[in-house]
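Descriptive analysis of the structure
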Amino acid sequence: MARIEIIDANTLNQIEGWADKLIKRIQVEMQNQGLNASGNLSNSLEYAIADNHIRVLANPYMLYAEKGRDKGKIPYNFSTILETWIADKHLTVPAQYKTPNQFAWAIAMKIKKYGSSKYRNPSQRQDVVGAPLSELLPELNNIISNRVVLYINDSLFV
């Protein structure tokens, strides 16, 4: 079955506007749920439209931020990543650790052995994409439906 391209420049502009609105809405949801320590993850959000698909892209650790991290292998610089996270969250280093790096290393080893707290406790997991997508999907459906109707009218009644 052949695929028919029906997206014109105006419809593409509407879809791009919708995708931009989705990104902004996800960023608001991240802020509301406290998933925006440094702003780097939120700022990494972008969209790409290709091959009739809209893709929302983010830094690779987005899934870990939402759902947590399972036990097992960790990146070689994980304690450095966690040290930055500790600073971004303005966490206080407990007295038994002399430096933020020691605290970060202890966290890294606990995650390696047991998984993150968010992963172990599903009630702590977050979804910052679901609500914005549910909220804005009818608008995208409207854009596409209107374009299909125009295409059919233009094709059948020429």
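First, a word on scope: everything that follows refers to the structure included in this document.

The rules we used
Residues numbered from 1 in each chain as written. Predicted model: local features only at pLDDT ≥ 70, side-chain atom pairs only at ≥ 80, totals over all residues. Heavy atoms only, no water. Helix = DSSP H or I, 4+ residues; strand = E, 2+ residues; numbered from the N terminus. Buried < 20%, exposed > 50% of the residue type's maximum accessible area, 1.4 Å probe, protein only. Pairing = 2+ DSSP bridges. Axes fitted to C-alpha atoms, helices over the stretch in contact; angles between N-to-C directions. Left-handed = near helix turned anticlockwise from the far one by under 90°. Contact = heavy atoms within 4.5 Å. Nonpolar A, V, L, I, M, F, W, Y, C, P; charged D, E, K, R; others polar. Salt bridge = Lys/Arg side-chain N within 4 Å of Asp/Glu carboxyl O.

A word on unusual backbone geometry. Phi is positive for H90, which is not a glycine, with a value near 55 degrees. Relative to the elements of secondary structure, H90 occurs in the loop between α4 (78-89) and α5 (100-114). Owing to a relative accessible area of 71%, H90 belongs among the exposed residues under this scheme.

The pairing of strand β1 (residues 46-50) with strand β2 (residues 53-57) spans five bridges and is classified as antiparallel. Bridged to A50 within β2 is H53. Here β1 folds back onto β2, and the loop between the two strands holds two residues, one of which, D51, carries a positive phi near 50 degrees.

On to the packing of α4 against α5. It is the contact of α4 with α5, at a shortest axis distance of 8 Å, that shows an interaxial angle of 120 degrees. The hand of the α4/α5 crossing is right-handed. Along the contact surface, α4 presents F78, S79, L82, E83 and I86, while α5 presents P100, N101, F103, A104, W105, I107, A108 and I111. Tallied by class, residues from the contact of α4 with α5 come to 10 nonpolar, two polar and one charged.

Evaluated as defined, the whole model comprises four salt bridges. For K24, the salt bridge is made with D20, and the minimal N-O distance between the two is 2.9 Å. With K24 and D20 both in helix α1 (residues 9-32) and four residues apart, the pair spans about one turn of that helix. Residue classification places K24 among the partly exposed positions, given a relative accessible area of 46%. Classification of D20 by relative accessible area gives partly exposed; the value is 33%. In this structure, R25 and E29 form a salt bridge, with 3.0 Å as the shortest nitrogen-oxygen distance. Here E29 and R25 lie together in helix α1, a separation of four residues that amounts to about one turn. By relative accessible area, which is 13% here, E29 ends up buried. Where salt bridges share partners, they join R25, E29 and E135 into one cluster.

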